[in-house]
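Commentary on secondary and tertiary structure
Residues per chain are reported as follows:
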Amino acid sequence: APLESVPAGETVTKIKVNLVFPDRLQEVAQHTDGVGLLRIEHMIAKSGIHPAKLVRENRAEDYIKILIDGIKPIADAYKPKPIWVRTLDARSDEFRNLQGGQDEPKEDNPMLGWHGIRRSLDEPEILKAEFEAVKRLHAEGLTNVHVMLPFVISVDELRRAREIAEEVGLPSEVLIGIMIETPAAALTIEEFCKEGVDFVSFGSNDLTMLTLGTDRNNTKIANLFSEMHPAVLRQLKHVIDITKNYNIESSICGEAGSNPEMAKILVKAG
Ligand code: PEP
Ligand code: MG
């Protein structure tokens, strides 16, 4: 909906955006409560170089600069409202045409492959650079920048990511949340709550794909892809119920968040 049509007034539910390019940034920041998902992949695509190549060639500083330059204007516009920056979640086929993209592994199922937190833990230098960028932004007073981990399937991944954050010296005021976009994360949510995850956000695109066994990119089965499937909705409800018990904030950053019917269901679920 056009921003002008958003009614004034307070809601208990925070209205956030997914930001890609900082278009009409001031206006958007004024009308919303935060950034629920900031994807760094667009900054990387614009830079033309794969972060794995930068890190391999001891050019982590270049990667840090790309991230700071990309995140800073958005954090500035939103300050003090929170922005949740997602750590790298590029599939191996996604950045093939970037410099260094040819060196990416060939995978039969990149969507189910080496991306998100699993890759970050295999290549911690990339993750360290991302944490370093957030650390420097905090040092500049942009304390509204927080971190979100994609494609998590186990508490161990959260733990290991936190260890790396600590190694880098990420201040403890930086919240580290996880995306709930695998049935594994949704169904073991209580373990993440016990571990003290700072917040969770539904990646309903992947959660739907993985729950229904329906490739997001396959137009042949696009008619089967629905976040409204009861198996998806029950996982959402389950996660909301458990996170509420532990007083942990839940959010949505998949496309379904912009579906009014889904919004009604989620608000009603609390
Ligand atoms: C999702 O899976 O819902 C999500 C927000 O992440 P992406 O679309 O980038 O996989
Ligand atoms: Mg996803």
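All figures in this text were calculated on a predicted structure; none of them were measured in a lab.

Okay, the packing of helix H10 (residues 204-212) against helix H11 (residues 230-245) next. H11 packs onto H10 with a crossing angle of 125° between their chain directions and a minimal axis gap of 9 Å. Relative to H11, H10 is oriented oblique. Crossing hand, H10 versus H11: right-handed. Facing H10, whose interface residues are Leu207, Thr208 and Thr211, H11 presents Ala231, Val232, Gln235 and Leu236.

The next subject is helix H6 (residues 124-139). Between its first and last C-alpha atoms H6 spans 22 Å; for 16 residues at 1.5 Å apiece the expected length is 22 Å, and the two agree. Among the residues of H6, Ile126, Leu127, Ala129, Glu130, Phe131, Glu132, Ala133, Val134, Leu137 and His138 are the ones counted as buried. In this structure, the buried side of H6 is in contact with helix H3 (51-56), helix H4 (60-78), helix H5 (117-122), strand S4 (145-149) and helix H7 (155-168).

Here we take up the site of ligand 1. Not every one of the 13 residues close to ligand 1 is listed here, only the nearest: Arg86, Glu181, Gly203, Asn205 and Arg216. Taking Arg91, its side chain carries an N or O atom lying 3.0 Å from an oxygen atom of ligand 1. Between an oxygen atom of ligand 1 and a side-chain N or O atom of Glu181, the distance comes to 2.8 Å. Across the complex, the protein chains shield 96% of the 290 Å² of accessible surface that ligand 1 would expose by itself. Here ligand 1 occupies the second largest pocket. Elements that contribute at least two residues to the shell around ligand 1 include exactly strand S2 (34-39) and H10. A total of 3 residues in the shell around ligand 1 trace back to one element, the largest contributor, which is H10. Partitioning the shell around ligand 1 into residue classes produces 3 nonpolar, 4 polar and 6 charged.

The next point concerns the sheet that holds strand S1 (residues 16-19). With parallel pairing, 7 strands are arranged side by side in an open sheet as S1-S2-S3-S4-S5-S6-S7. What marks the edges here is a single partner per strand, and that holds for S1 and strand S7 (249-252). The average undirected angle you get between the axes of adjacent strands in this sheet is 25°. As paired strands, strand S5 (residues 176-180) and strand S6 (residues 199-202) are joined by 3 bridges and run parallel to one another. Within S6, the position partnered with Ile178 by the bridge is Val200. Helix-sheet contacts for H11 involve S5, S6 and S7, and the interaxial angle to S6 is about 165°.

Rules of the game
- Here the residue numbering is sequential within each chain, running from 1 through the sequence in written order.
- Chain labels run from A onward and ligand labels from 1 onward, assigned in the order the entries are written.
- Totals for whole chains, interfaces and linings use every residue, but because this is a predicted model, local features are given only for residues with pLDDT of at least 70 and side-chain atom pairs only at 80 or more, for both listing and counting.
- In computing side-chain properties, one takes all heavy atoms of the structure into account and sets aside hydrogens as well as water.
- Here an angle of 0 to 180 degrees is reported between the N-to-C directions of two axes, which are lines fitted to C-alpha atoms, with helices fitted over the stretch in contact.
- Helical segments are the DSSP runs of H or I of at least four residues, strand segments are the runs of E of at least two, and each set is numbered from the N terminus.
- Here the word oblique covers every angle except those under 35 degrees (roughly parallel), over 145 (roughly antiparallel) and from 65 to 115 (roughly perpendicular).
- Here a crossing is called left-handed whenever its near helix is offset anticlockwise from the far helix by less than a right angle, and right-handed whenever the offset is clockwise.
- Any two residues having at least one pair of non-hydrogen atoms within 4.5 Å are treated as being in contact.
- To estimate how far a helix should reach, multiply one less than its number of residues by 1.5 Å.
- Accessible area is worked out with a 1.4 Å probe on protein chains only. A residue is then buried under 20% of its type maximum, exposed over 50%, and partly exposed in between.
- Note on definitions. A residue lies near a molecule or strand when any single heavy atom of the residue is within 4 Å of it.
- A 3.5 Å cut-off defines polar contacts: any pair of N or O atoms within that distance qualifies, except that in protein one atom must be a possible hydrogen donor and the other a possible acceptor, and neighbouring residues in sequence count only when both atoms are side-chain atoms.
- Using a 1.4 Å probe, the Shrake-Rupley method yields the accessible areas, and only the shown protein chains count as cover for residues.
- Cavity: a set of points on a 1 Å grid over the protein atoms alone where a 1.4 Å probe fits but cannot get out. Pocket: an open set with protein on both sides within 12 Å along at least five of seven lines, its lining residues, like those of a cavity, having an atom within 4 Å of a point.
- Being in a pocket or cavity means that more than half of the molecule's atoms lie within 2 Å of its grid points.
- Following the grouping adopted for this structure description, the nonpolar residues are Ala, Val, Leu, Ile, Met, Phe, Trp, Tyr, Cys and Pro, the charged ones are Asp, Glu, Lys and Arg, and the polar ones are all others, Gly among them.
- Paired strands, as defined in this entry, are two strands with at least two bridges between them according to DSSP.

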